[in-house]
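Overview (structure and organization)
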Amino acid sequence: MPGPGAAALALPLLALPLLALPPTPPPTLPRAQPRGPRRVLEKEAQFNTTYADWVDADLLNIYAFNHSVCRNRTEGVRVSVNVLSDHKDLPVLFVVRQKEAVVSFQVPLILRGLYQRKYAYQEVSRTLCQPQTKAEVETQHFYVDVSTLSLNASYKLRVTHVENFVLRTNERFSFNATAAQPQYFKYEFPEGVDSVIVKVTSAMAFPCSVISIQDILCPVYDLDNNVAFIGMYQTMTKKAAITVQKKDFPSNSFYVVVVVKTEDEACGGALPYYPLSKDAAPDEPVDQHNRQKMLEVMVSPAITSEAYVSSVLFCLGIFLSFYILTLVIACWESCRQQKRKGLLAAMDSPSLDTASLLGHARSIPDSFLGHSPYDSYGYGSFGNGSSGSTEGVTDSMGSAEVPYGYVGERSLENVASRPRLDSLSSVEEDDYDTLADIDYDKNVIRTKQYLCVADLARKDKRVLRKKYQIYFWNIATIAVFYALPVIQLVITYQTVVNVTGNQDICYYNFLCAHPLGNLSAFNNILSNLGYVLLGLLFLLIILQREINYNRALMRNDAHALECGIPKHFGLFYAMGTALMMEGLLSACYHVCPNYTNFQFDTSFMYMIAGLCMLKLYQKRHPDINASAYSAYACLALVIFFSVVGVVFGKGNTAFWIVFSVIHIVATLLLSTQLYYMGRWKLDSGILRRILHVLYTDCVRQCSGPMYVDRMVLLVMGNIINWSLAAYGLIVRPNDFASYLLAIGICNLLLYFAFYIIMKLRSGERIKLIPLLCIIGTSVVWGFALFFFFQGLSTWQKTPAESREHNRDCILLDFFDDHDIWHFLSSIAMFGSFLVLLTLDDDLDCVQRDKIYVF
């Protein structure tokens, strides 16, 4: 019996025959094996002839074409093929060999979409790039090679001349295009035309398409997967427009390329189901059948350089006219005051101050002319001078004979002998928060039923002046740190647009976008000049007013010291600065308007609305107005919510619930602060105190509110704000930034209307200048809002959908509807500021202890 050693020796011997056998080849996929050397069949071919032929792995078909090319005439050549065999894994390859270019494509043509989806096209048409010729007439040859690895593939081939290959100025041309049958045409700049606008329109929104402007170079990128490689391009549904400048094309001509995309997702459409059948493999191409689009193209000359100059002069003329008008009004007011001074001197009567647009202050009071300036209304009720209200006024002001008294009607001795609070040396605002005398205690003063301005103007004027100056310095600091990165960012955006040619980055009104230098839409930037110029004019008016007021203080003018609404100019300076910054940042936004920089255009709108409300409140409540730090902190919170709402708020139920709750709670807290003049505390005992007030005022005895007018305002404000919160929660508007701005504007208009009504109810009057400003501003605001709601573009949608809203210019062939909104809104804001500035000029001769607080 053999042992283990014999078995070990037998194994190598058995392995030797196995090593001698040839290796087994790996399995291969079935393929067509050539039965011999490949045959080449070359044919002389003719234009406008359809060749129905076949090809296999052993055959190469070559079609030879020739045509005459003229130097002064361009004709397009188009190759159309249709493969009848269904061998997607073994396509037919077509190679077009020209003098200076080679174009190759396979059929079925496979194009990829989103998520690497594949789409197959059996019919393919391509326009050949035309090489340049220096001869007057030249015969050029090109060849179409057809080959495949399939056993047998039948196809149809047709080569034609392209009609209307060269586009004519101001002539429309209609054509069809598909993803596998793109179209492009040539345009040559006429003599004397430096820029043109290419407009492409379609009656159907989908399929989505791409419009590209490319230089006269070969190859032409006319497929969905390469159209963005060169030139300028933009997606399109129904409208597209690209402004082309002659300086960007050395050959004075360019190609207009139209490509239909494989999918509509880039234009806001839905993605198709993929794969379409259950039996289809995950990577099997999908046949899209007849996915074609009918389009119309027209090239028209753009505006000339003279139009740029005239538009700039028009813009400057409009806003500089306000400077001239202001100067004329100032001169007229000065002359009128001089005449009144002479009249007063002749009658041996003391001259009296009144306000004008620039703060000149001399006039005759109405009571001096023989009629009472005010009716006898009692503050605190809606009736005409009830006994209760008169008694309240008597208790708080010491007189109930006439609600208002002019200093000119009484001796100034009692005014001069009155203790001056601003004569103290302290400049700390908190020095007056605790006063020894019970008559000066703020808890007693601010909770009186009937307040006068003197009750809320007790702090040192120097302290309040510094307090309100902080508004200006803070907003100036914010403006510098905000504007510098904004400018840098929009310059980067514009550079990216110019370098990549992707015009989907910025949401312009492309039908009225006039480039200048590197800027794509100079007209949208120029129209913001009004904010800057009128903001500067408002600052100059405020400066003149402050100079006149300081001069009056230096000569110890009793009217400046003891009469009228206390003059604090810090908030006015902040408002003028905010208006100028709104113009600058709006211009920056319109360099490249899009989803990522919308807050540049809206941030200072929130600030302007907030500052106007603060100024309106400051007029009658100078001592208890919010500090600059808390005010700007609240405005920063508003801007924060604006950004969060735009980014996360679209269709987000949780966000809208949280925002609505915050909106309502903030409204209640602010209402409490205003109703009690700040004399309340938010602490752990707030609920107990609320229940106590409800029990004592509603259960034990039914008593009305102590401050009726304030309660009416706050109830109306809460109704409006709660309604806006409910609207946002139910409707969830897409444009959250505009919704938030509408909340601020509604509250501002409500407070302004309440102020006007209470001013008239209290027997005050509105002088001519503020009355004209109110009427004119209201009219201008109406027209401005009309143009604002035209909606020429929106970054809420895709760039292609936004272009459906584009419209032609309507003013001087240079400005569109949104530019007119810029013009009118800047004028309306300036007028609104003038209303706030001059609204209480009728009180400049009225003692502050005769001016009601509301």
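Residues numbered from 1 in each chain as written. Predicted model: local features only at pLDDT ≥ 70, side-chain atom pairs only at ≥ 80, totals over all residues. Heavy atoms only, no water.

1. Topic: the overall build of the protein
Across its full length, the protein holds 19 helices and 20 strands. Sorting the 854 residues of the protein into buried and exposed places 50% on the buried side. Pairs at least 24 residues apart make up 79% of the contacts formed inside the protein by residues separated by at least 6 positions. As presented, the protein carries roughly 41300 Å² of accessible surface, and 62% of it is formed by carbon and sulfur atoms. (Helix = DSSP H or I, 4+ residues; strand = E, 2+ residues; numbered from the N terminus. Buried < 20%, exposed > 50% of the residue type's maximum accessible area, 1.4 Å probe, protein only. Contact = heavy atoms within 4.5 Å. Areas by Shrake-Rupley, 256 points an atom, 1.4 Å probe, with all protein chains shown as cover.)

2. Looking at helix 6 (residues 461–500)
The end-to-end C-alpha distance of helix 6 is 58 Å, a good match for the 58 Å that 40 residues give at a rise of 1.5 Å each. In the segment just after helix 6, Gly501 is the residue with positive phi, at about 80°. (Expected span 1.5 Å × (residues − 1).)

3. Remarks on unusual backbone geometry
Cis geometry marks the peptide bond from Val107 to Pro108, where omega comes out at 5°. Turning to its location among the elements, Pro108 is positioned in the loop between strand 6 (102–107) and strand 7 (109–112). The linkage connecting Phe206 with the following residue, Pro207, adopts the cis geometry, with an omega of 10°. Among the secondary structure elements, Pro207 is positioned in the loop between strand 14 (195–201) and strand 15 (209–214). Positive phi outside glycine occurs at Asn48, with the angle close to 60°.

4. Comments concerning the pattern of salt bridges
Under the counting rule described, the total for this entry stands at 19 salt bridges. Between Glu188 and Lys186 there is a salt bridge, and its shortest N-O distance comes to 3.5 Å. Here Asp841 makes a salt bridge to Arg545, at a shortest N to O gap of 3.0 Å. Here Arg545 lies in helix 8 (residues 529–554) and Asp841 lies in the segment after helix 19 (817–838), a separation of 296 residues in the sequence. Take Asp841: its relative accessible area is 5%, and that puts it in the buried class. Each of Lys619, Arg620, Lys759, Glu764, Asp840 and Asp842 takes part in a single network of salt bridges with overlapping partners. (Salt bridge = Lys/Arg side-chain N within 4 Å of Asp/Glu carboxyl O.)

5. A few points about the state of the cysteines
All told, the structure shown has three disulfides when counted by the stated rule. Disulfide pairing is shown between Cys506 and Cys592; the S-S distance is 1.9 Å. The sign of the -95° torsion about the S-S bond sets the Cys506-Cys592 disulfide as left-handed. Of the two residues, Cys506 sits in the loop between helix 6 and helix 7 (522–526) while Cys592 sits in the loop between helix 10 (570–591) and helix 11 (599–620), which places them 86 residues apart along the sequence. (Disulfide = S-S within 2.5 Å.)

6. Focus on the packing of aromatic side chains
In this structure the tally under the stated criterion is 54 aromatic pairs. Relative to Phe229, the ring of Tyr221 has its centre 5.6 Å away and its plane inclined at 65°; by these criteria the two rings are edge-to-face. Between Phe786 and Phe787, the aromatic rings sit 5.3 Å apart at their centres with planes inclined by 80°, giving edge-to-face as the arrangement. You can call Phe787 buried: its relative accessible area is 16%. Each residue in the set Phe640, Phe641, Phe655, Trp656, Phe659, Tyr727, Phe736 and Tyr739 is aromatic and connected to the rest through ring pairs, giving one cluster. (Phe/Tyr/Trp six-rings, centres within 6.5 Å; stacked < 30°, edge-to-face > 60°.)

7. Thoughts on the sheet that holds strand 14
If you walk across this open sheet you meet the four strands as 12-20-14-17, and the pairing is antiparallel. Strands with a single pairing partner mark the edges of an open sheet, and in this sheet they are strand 12 (173–178) and strand 17 (239–245). Taken over all neighbouring pairs, the strand axes of this sheet differ in orientation by 25° on average, direction set aside. Judged from the six bridges that link them, strand 14 and strand 20 (residues 292–301) form a sheet pairing that is antiparallel. If you follow Lys199 over to strand 20, its bridge partner there is Met298. (Pairing = 2+ DSSP bridges. Axes fitted to C-alpha atoms, helices over the stretch in contact; angles between N-to-C directions.)

8. Describing the nonpolar core
Tyr471 and Leu611 are the most contacted members of the largest nonpolar core, which totals 112 residues. Counting 38 residues, the second-largest nonpolar core is a separate cluster that includes Ile213, Val259, Val260 and Val299. (Core = buried A, V, L, I, M, F, W, Y, C linked by side-chain atoms within 4.5 Å.)

9. Points about the packing of helix 17 (residues 768–788) against helix 19
Across the interface, helix 17 lies against helix 19 with an axial gap of 8 Å and an inter-helix angle of 155°. By the angle class used here, helix 17 and helix 19 are roughly antiparallel. Handedness of the crossing formed by helix 17 with helix 19: left-handed. Of the residues assigned to the contact of helix 17 with helix 19, the class counts are 19 nonpolar, five polar and one charged. (Parallel < 35°, antiparallel > 145°, perpendicular 65-115°, else oblique. Left-handed = near helix turned anticlockwise from the far one by under 90°. Nonpolar A, V, L, I, M, F, W, Y, C, P; charged D, E, K, R; others polar.)

10. Topic: a nonpolar patch on the surface
A surface patch of nonpolar side chains, about 700 Å² in accessible area, is lined by Ile657, Val661, Val665, Leu669, Tyr727, Leu729, Ile730 and Val731. Every element with two or more residues in the nonpolar patch is listed here: helix 13 (653–675) and helix 15 (708–731). Overall, the relative accessible area of 41% leaves Val665 in the partly exposed class. (Patch = residues over 30% accessible without salt bridge, like charges linked within 9 Å, V, L, I, M, F, W, Y side chains within 5 Å.)

11. Examining the sheet that holds strand 10 (residues 137–148)
Each strand in a sheet pairs with its neighbour through backbone hydrogen bonds, running either in the same direction (parallel) or in the opposite one (antiparallel). The strand order across the open sheet built from five strands is 1-3-10-5-6, with neighbouring strands paired in mixed fashion. Each having just a single partner strand, strand 1 (39–44) and strand 6 make up the two edges of the open sheet. Mean inter-strand twist for the sheet, computed between neighbouring axes without regard to direction, equals 20°. Examined bridge by bridge, strand 3 (residues 59–70) and strand 10 share ten bridges and lie antiparallel to one another. Bridge assignment links Asn66 to a residue of strand 10, and that residue is His141.

12. Overview of the pairing of strand 13 (residues 183–188)
In terms of burial, strand 13 is a largely internal element, five of the six residues being buried. Both strand 13 and strand 18 (residues 253–260) contribute to a ladder of six bridges, which runs antiparallel. Across the sheet, residue Tyr184 finds its bridge partner in strand 18, namely Val257.

13. Focus: the side chain of Asp53
Tracing the chain through its elements places Asp53 in strand 2 (residues 50–55). For Asp53, a relative accessible area of 16% corresponds to the buried category. One polar contact links Asp53 to Tyr63, side chain to side chain, over a distance of 2.9 Å. (Polar contact = N/O pair within 3.5 Å; in protein donor to acceptor, adjacent residues only side chain to side chain.)

14. Digging into the confidence of the model for the protein
Mean pLDDT over the protein works out to 78, with 77% of the residues at or above the 70 mark. Confidence over residues 4–30 falls short of pLDDT 50; this stretch has zero contacts with residues more than four positions distant or in other chains. Contacts from residues 348–356, a stretch scored under 50 in pLDDT, to residues over four places away or in other chains number 39 contacts. (pLDDT = per-residue confidence, 0-100.)

15. Regarding the environment of Ser642
With respect to the helices and strands, the residue Ser642 is situated in helix 12 (residues 628–648). Each C-alpha atom, one on Ser642 and one on Tyr739, is 9.1 Å from the other, the two residues being 97 residues apart in sequence.

16. Details of the packing of helix 6 against helix 11
Viewed as axis vectors pointing N to C, helix 6 and helix 11 meet at an angle of 170°, and their least axial separation amounts to 12 Å. Classified by the angle their axes make, helix 6 and helix 11 are roughly antiparallel. Along its contact with helix 6, which presents Tyr468, Tyr471, Ile475, Ile478, Ala479, Tyr482, Val486, Leu489 and Val490, the element helix 11 presents Gln599, Phe600, Ser603, Phe604, Met607, Leu611, Leu614 and Gln618.

17. Some remarks on the environment of Phe787
Relative to the assigned elements, Phe787 resides in helix 17. Residues Phe787 and Leu824, spaced 37 residues apart in sequence, show a C-alpha to C-alpha distance of 9.0 Å. Excluding residues that lie within four positions of it along the chain, Phe787 makes contacts with Ile810, Asp817, Ile820, Trp821 and Leu824.

18. Examining helix 19
Taking 1.5 Å of rise per residue, the 22 residues of helix 19 would be expected to cover 32 Å, and the 31 Å separating its terminal C-alpha atoms lies within 8% of that figure. Most of helix 19 sits inside the fold, with 20 of its 22 residues counted as buried. The residue sitting at the N-terminus of helix 19 and contributing the capping side-chain oxygen is Asp816; that oxygen lies 3.1 Å from the backbone nitrogen of His818.

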